[in-house]
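What follows is the residue order along each chain.
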Amino acid sequence: MSTSALRFYDVHKRYGKTHALAGMSFEVKAGVVTGLIGPNGAGKTTTFSVATGAVQEDAGVVDVLGKGAFDPRVHGSVVSVLPQDCALSPYSNAKQLLGHYARLSGMTKREAQKETARLLELTSLTERAGSRVRELSHGMRRRLAVAQALIGTPKLILLDEPTGGLDPKLVASMRDILRSLRGKSAVLVSTHILSDVEDTCDEVIFVDRGRVTRSGALDDVTQRARLVTLRVSEEVSEEVLARARAKNISLTRTASLAYSYSLTEGQDASDALTALLGAGVRVVEVTMGEPLMDAYLKAQQE
Amino acid sequence: MSKASTNGAARFVRGALHCARFDLAESLRSRRVLIFLVLYLALSVGSAILFTELLQAVEEELALQLLVARTDLPGSMTQAVVERPEVRRVLYRFIRDNALVDAVLSVPPIALLFGWVTLTFTPLLVVLTSSDAISEEVAAGTARFALFRVSRGSYVFGKLIAQTALMCVGLLLAALGAYIVGAVQLGSFEPVRSALYIGRYALTSSVYAFSFLGLTLGISQLTRSVPWSRALGLFAMVTVIGLERFLVKGKLPQRFPVTSETLCQVLPPAHKLDLWRVTLSEMAPALVMLVALGLTFFAIGASRFVRRDL
């Protein structure tokens, strides 16, 4: 059995003169939550469209769950999607809509009813089950759209901007939902909100201009095991930095009042902390790794 | 047939029926379908009322000419009206088939009117109400929630089923309206014969309009622009009707009779006249051809839809 839930290899897609995908290659592993991050126009939505067969690639290989390119007859009940900016049918109510999609996914009427109730509960929409879609707020519609993507037990879930338009409380519950999917489904989440990725994803894929600029486990990309970042209350003098260097602790100023250094064999984070505290520097925060934003910006510049 | 292909066909039909049922329910929940049904009813009832008024005026004139007492209820002298040689001559000019003229003149007048109105206007109503049935959902992205669950073929076939059902509901309502107006307004109303003929014309009109529905939904699959699908639907309908007129009445049939006749066969209006024939065996070729044309137009659109980017 393939451990890869979704694989793109050198995929190209053009819209007229625009090269939306220019050799996109990546892999989403089974049971892993992966974040797809990139600027507007980087090719994220086209990636989703190609992955779900809405758009046909010009060249390259797309493999979904080891069974070739997406085909609803093969993947219909095991792959689900939350497309971006797509309107739900306006005149049905939340319950009818989820019931319909559950039936389309191959469930019996009874199974569909049960599943609908579960998903309404999960997305806190039980009280609005009888409301027509057009009567729901933007956030509620988004939750309903997320709910339809969670019907059944999909092996691959593609979520395009799942937290867009949600209030902070719902963002938190959405993150809980994403975390709960770990180990059960492969999830590819496209988002601009990096804190969502840091909070929920195991792996990240940075994309720009239709290709991957960097990918890997979140801990590797942010160097969580190798990089120590220290925030201090005042700038560290050259003398203190030189003394630290003498102890093989090479501190680099990364931002105002922020210094980082890469751990070498046998070192740990407390070495730098001890060196600075010993020199009378007030350290206000110690973090392992660099912020995802920094890793992302670096990847975009490379 | 192998088990796999049987399962595939069963899945296709199941998906299409789910899509059709949901589309029909969604239409019934929207106000749009009310407008659609009101249009059918208004057309049928309005034309029936106008017709009975016209019939009354004709009968009054006839009573004057024949020096008999005029009646208050229109239709009391219908038989006398239809037996007038002028009426037969006018009909013959249009039909050019004596057997068909006899068949038409034997039909109860309200049913005759209903048949003429629905055969003439249902294609237009179908184009107006169904031309964006697919393009609108593709444009709004609504289709994508279904299209990763069922095949595109299944989805559009479901749309065809739903729109056909809606059209039939509209025609049924129109038939009911015409029947009630006839029963109330006409003096010589024959309840059973009128019901049978109105029912029959509702059926033949639905088959005739189905060919336009196939054309309209075929076009709706080619574009994701709602205004374009509406404009193209109307354009296609006008073109088909105009082309048939041209092939029948223009100079082409005189110079190239076989070509004209052959080309005509793929145009629904060329089969319209045969829908007035008396027996089913006479009508059957036209009915089969119209269904086949509707399905062919639809399938041409579908063959593009299943491959194009959404």
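Coordinates for the structure precede this section.
Report on the accompanying structure. Keep in mind that this is a model prediction, so the values were computed, not measured.

### A few points about the sheet that holds strand β5 (residues 79-82) of chain A
Residue and element names in this part refer to chain A.
Next, step 1: Read across the open sheet, the six strands follow the order β5-β6-β7-β3-β8-β9; overall the sheet is mixed. Lying at the two open borders of the sheet, with one neighbouring strand each, are β5 and β9 (211-217). If you compare each strand with its neighbour and ignore which way they point, the axes differ by 15° on average.
Next, step 2: Against the sheet, helix α11 (residues 292-301) engages β3 (33-37), β8 (203-208) and β9, with an angle of about 40° to β8.

### A few points about the interface of chain B and chain A
Next, step 1: Facing 24 residues of chain B, the contacting portion of chain A comprises 36 residues.
Next, step 2: Here chain B packs against chain A, burying approximately 2,600 Å² in sum over the two surfaces, 56% of which is carbon and sulfur.
Next, step 3: Among the residues chain B hides against chain A, the three largest losses belong to F145, F148 and R149 of chain B. Together they make up 31% of the total.
Next, step 4: For the pair chain B and chain A, the number of links is one salt bridge.
Next, step 5: The partner of D309 of chain B in a salt bridge is K13 of chain A, with the nearest N and O atoms 2.6 Å apart.
Next, step 6: Between the two partners, chain B and chain A, sit 15 residue pairs in polar contact (both at pLDDT 80 or more).
Next, step 7: Of all the secondary structure elements, the ones that give two or more residues to the side of chain B that touches chain A are α1 (3-29) and α8 (142-147) of chain B.
Next, step 8: The biggest single contributor to the side of chain B that touches chain A is α1 of chain B, with eight residues.
Next, step 9: When grouped by side-chain class, the residues that make up the side of chain B that touches chain A number nine nonpolar, six polar and nine charged.

### Here's the deal with a nonpolar patch on the surface
Residues and elements named next belong to chain B.
Next, step 1: Nonpolar side chains collect at one region of the surface, where W116, F121, L124, L128 and L234 lie side by side and expose about 430 Å² of accessible area between them.
Next, step 2: With four residues, helix α6 (residues 109-130) is the largest single contributor of residues to the nonpolar patch.
Next, step 3: Take W116: its relative accessible area is 49%, and that puts it in the partly exposed class.

### A word on helix α3 (residues 94-104) of chain A
All names here are of chain A.
Next, step 1: Counting buried positions over the 11 residues of α3 gives eight, a clear majority of the element.
Next, step 2: For α3, the full list of buried residues reads A94, L97, L98, G99, H100, Y101, A102 and L104.
Next, step 3: Capping the start of α3 is the job of one residue whose side-chain oxygen sits 3.1 Å from the backbone nitrogen of K95: N93.

### Here's the deal with the sheet that holds strand β2 (residues 18-29) of chain A
All names here are of chain A.
Next, step 1: Ordered in space as β2-β1-β4, the three strands form an open sheet in which the pairing is antiparallel. Lying at the two open borders of the sheet, with one neighbouring strand each, are β2 and β4 (59-64). Recorded for the sheet is a direction-independent mean angle of 15° between the axes of neighbouring strands.
Next, step 2: Sheet topology note: the strand β1 (residues 4-15)/β2 ladder contains nine bridges and is antiparallel. Its bridge partner lying in β2, S4 is registered against K29.
Next, step 3: Here helix α1 (residues 44-51) sits on the sheet in contact with β1, β2 and β4, set at roughly 115° to β1.

Quick notes on the rules
- Residues numbered from 1 in each chain as written.
- Chains lettered and ligands numbered in written order.
- Predicted model: local features only at pLDDT ≥ 70, side-chain atom pairs only at ≥ 80, totals over all residues.
- Heavy atoms only, no water.
- Pairing = 2+ DSSP bridges.
- Helix = DSSP H or I, 4+ residues; strand = E, 2+ residues; numbered from the N terminus.
- Axes fitted to C-alpha atoms, helices over the stretch in contact; angles between N-to-C directions.
- Contact = heavy atoms within 4.5 Å.
- Buried area = accessible area lost by both parts, 1.4 Å probe.
- Salt bridge = Lys/Arg side-chain N within 4 Å of Asp/Glu carboxyl O.
- Polar contact = N/O pair within 3.5 Å; in protein donor to acceptor, adjacent residues only side chain to side chain.
- Nonpolar A, V, L, I, M, F, W, Y, C, P; charged D, E, K, R; others polar.
- Patch = residues over 30% accessible without salt bridge, like charges linked within 9 Å, V, L, I, M, F, W, Y side chains within 5 Å.
- Areas by Shrake-Rupley, 256 points an atom, 1.4 Å probe, with all protein chains shown as cover.
- Buried < 20%, exposed > 50% of the residue type's maximum accessible area, 1.4 Å probe, protein only.

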